[in-house]
Amino acid sequence: MSAERLEAIRSGTVAGQPDTVLPLVREALADGVPPGVLLQDGLIAAMDEVGRRFEQGDCYIPEMLLSARVMKAAVDVLRPHLLEAQVEPLGRIVIGTMEGDLHDIGKNLVGIMLEGVGFEVIDLGSNVRPARFVEAVQTHQPGFVGFSTLLTTTMPSMGRTIAALGEAGLRAGLRVVIGGAPVTARFAREIGADCYAATAIEAAQQLREIARARR
Ligand code: B1M
C-alpha cells in the first residue's frame, strides 16, 4: 500500500469527499491491501483528525457529518472483506448506542466484527433507551448485550441500562460488554459490566473466547 494512497484516503475522508475515497478504497482492496489497514490507518485515523479539528474549532458539525458519511460508505465497501468466511455460529448479541447519543460508526464496526467471528447481531441503532434494551433482551434472549457510547454525558446511561436489565430479572447468564472512546475498563467494573473492549476487533476476540469457553 503506497503511503500516498493511504494519505489520500485519510485526507479525502477528513474533507468529506466520497468520490475521491471510495474508488481509492476499492483499488486498494483489489491490490490486496488488508481491509484492517484501510480501516485503522485510513478511515479511523481520519475521524480522529476530524475530532481534533472540531476540538480546536477548525471544523463544525456539518463537516463532521460529511466525514462520517464518507466513513460509513467506505465501511460498506470494506464490510464483505471484514467478514470471515465459514465461521462457527457463536450465539446472539444485542447491541446499541446509549440514550442521548447519535454516534453509531464505532458501534456499527463492532457489529460487523462480531458477525465476522460468528455472532448473530441484533442492532438496535443509536439513542437507545434502557427500556428498549430490556425489551430486546426479553424478545431475543441473547447471551450477550453490547453498549457503545462516545459522549461523556451519556456514559451514565450504561449503568442505568445494566440496572434496568437487573430489575427485569434478565442479568443472570447475560454478559454485558461495553466500549466507546470515553469508556474505560475501570468504568466497566464500577458499573458492573462484565467486560470492556477498546476496539471493535478486541470486542470480537474477547466475546469469541467467552462464547467458546461457555460451551
Ligand atoms: Co461528535 N463528538 N458530537 N459527532 N464526533 C466526538 C465523539 C467528540 C470526541 C469530538 C471532539 O470534541 N473531539 C465529542 C465528544 C466529547 C465528549 O463527550 N467528551 C463530540 C461531540 C461533543 C458531539 C456533539 C455534542 C457536538 C455538538 O452538537 N455540539 C454532537 C452530539 C450528538 C449526539 O450524539 N447527541 C456530536 C455529533 C456528531 C455527528 C452527528 C456530527 C457525527 C456522528 C455521526 C455518526 O456517528 N453517525 C460526529 C462525529 C463523526 C464525531 C467524531 C469526529 C468521530 C466519531 C467516530 O465515528 N469515530 C468524534 C471524534 C473522535 O472520535 N475522535 C466526535 C470513529 C469510530 C470508529 O470510533 O466510535 O470511538 P469510535 O469506535 C471505536 C472504539 O471506541 C470502539 O471500537 C471502535 C474502533 O474499533 N468501540 C467499542 C465503540 N463502541 C464500542 C462498543 C464495544 C466495544 C468497543 O462493545 C460493545
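Our subject in this report is the structure included herewith.

What counts as what
- Residues numbered from 1 in each chain as written.
- Predicted model: local features only at pLDDT ≥ 70, side-chain atom pairs only at ≥ 80, totals over all residues.
- Heavy atoms only, no water.
- Helix = DSSP H or I, 4+ residues; strand = E, 2+ residues; numbered from the N terminus.
- Patch = residues over 30% accessible without salt bridge, like charges linked within 9 Å, V, L, I, M, F, W, Y side chains within 5 Å.
- Areas by Shrake-Rupley, 256 points an atom, 1.4 Å probe, with all protein chains shown as cover.
- Salt bridge = Lys/Arg side-chain N within 4 Å of Asp/Glu carboxyl O.
- Buried < 20%, exposed > 50% of the residue type's maximum accessible area, 1.4 Å probe, protein only.
- 1 Å grid on protein atoms, 1.4 Å probe; cavity = no way out; pocket = protein on both sides within 12 Å on 5 of 7 lines; lining within 4 Å.
- Points joined across faces, edges and corners; volume = space filled by probe spheres on them.
- Domains from an automatic or database assignment.
- Axes fitted to C-alpha atoms, helices over the stretch in contact; angles between N-to-C directions.
- Parallel < 35°, antiparallel > 145°, perpendicular 65-115°, else oblique.
- Left-handed = near helix turned anticlockwise from the far one by under 90°.
- Contact = heavy atoms within 4.5 Å.
- Core = buried A, V, L, I, M, F, W, Y, C linked by side-chain atoms within 4.5 Å.

Digging into the environment of P80
Then comes step 1: Relative to the elements of secondary structure, P80 occurs in helix α4 (residues 61-82).
Then comes step 2: Sequence separation of P80 and I112 is 32 residues, and the distance between their C-alpha atoms is 9.1 Å.

Re a nonpolar patch on the surface
Then comes step 1: There is a patch of nonpolar side chains on the surface, built from F54, I61 and L65 and spanning about 270 Å² of accessible area.
Then comes step 2: As for its placement among the helices and strands, I61 is situated in helix α4.
Then comes step 3: I61 gets classed as partly exposed once you look at its relative accessible area, which sits at 47%.

Structural notes on the layout of surface pockets
Space left empty within the atom packing is revealed by a probe, the size of a water molecule, rolled over the atoms.
Then comes step 1: Volume-wise, the largest pocket comes out at about 1500 Å³.
Then comes step 2: Lining the largest pocket are 48 residues, and of these M47, H103, I105, G106 and L150 sit closest to its centre.
Then comes step 3: Only α3 (35-55), α4, α5 (105-117), β3 (144-148), β4 (175-179) and α9 (200-214) provide two or more residues apiece to the lining of the largest pocket.
Then comes step 4: Counting the residues that make up the lining of the largest pocket, at least three belong to each of domain 1 (3-82) and domain 2 (91-214).

Regarding the packing of helix α2 (residues 18-30) against α4
Helix-helix packing is described using two parameters, namely the angle between the two axes and the distance between the axes.
Then comes step 1: Between α2 and α4, the least distance of the axes is 9 Å, while the angle of their chain directions is 15°. In terms of their interaxial angle, α2 and α4 are classed as roughly parallel. Pair α2 / α4 crosses with right-handed handedness. From α2, P18, V21, L22, V25, R26 and L29 reach across to α4, where they touch V70, A73, A74, V77, L78 and H81.

Here we look at the pattern of salt bridges
Then comes step 1: Here the structure, examined in full by the defined rule, presents 12 salt bridges.
Then comes step 2: Across the pair R5 and D31 runs a salt bridge, and its minimum N-O distance is 3.0 Å. With R5 in helix α1 (residues 3-14) and D31 in the loop between α2 and α3, this pair connects stretches of sequence that are 26 residues apart.
Then comes step 3: Among the ionic pairs, R53 bridges to E49, the shortest N-O distance being 2.9 Å. In this pair, R53 and E49 are both assigned in helix α3, four residues apart and thus about one turn of the helix distant.
Then comes step 4: Judged by relative accessible area, R53 falls into the partly exposed class, the value being 35%.
Then comes step 5: Within the structure, one salt-bridge network assembled from shared partners comprises R5, E27 and D31.

Section: the nonpolar core
Then comes step 1: Ranked by internal contacts, the top residues of the largest apolar core, which has 38 residues, are V25, L38, F119 and L207.
Then comes step 2: Among the elements of the structure, α1, α2, α3, α4, β1 (91-97), α5 and α9 are those that each provide at least two residues to this core.
Then comes step 3: For this core, the leading source of residues is α4, giving eight residues.
Then comes step 4: Two domains each donate at least three residues to this core, and these are domain 1 (3-82) and domain 2 (91-214).
Then comes step 5: The residues touching L207, leaving out its near neighbours within four places in the chain, are I93, L114, F119, F144, V177 and C195.
Then comes step 6: Core analysis: the second largest hydrophobic core is formed by 25 residues, A136, I178, V183 and A193 among them.

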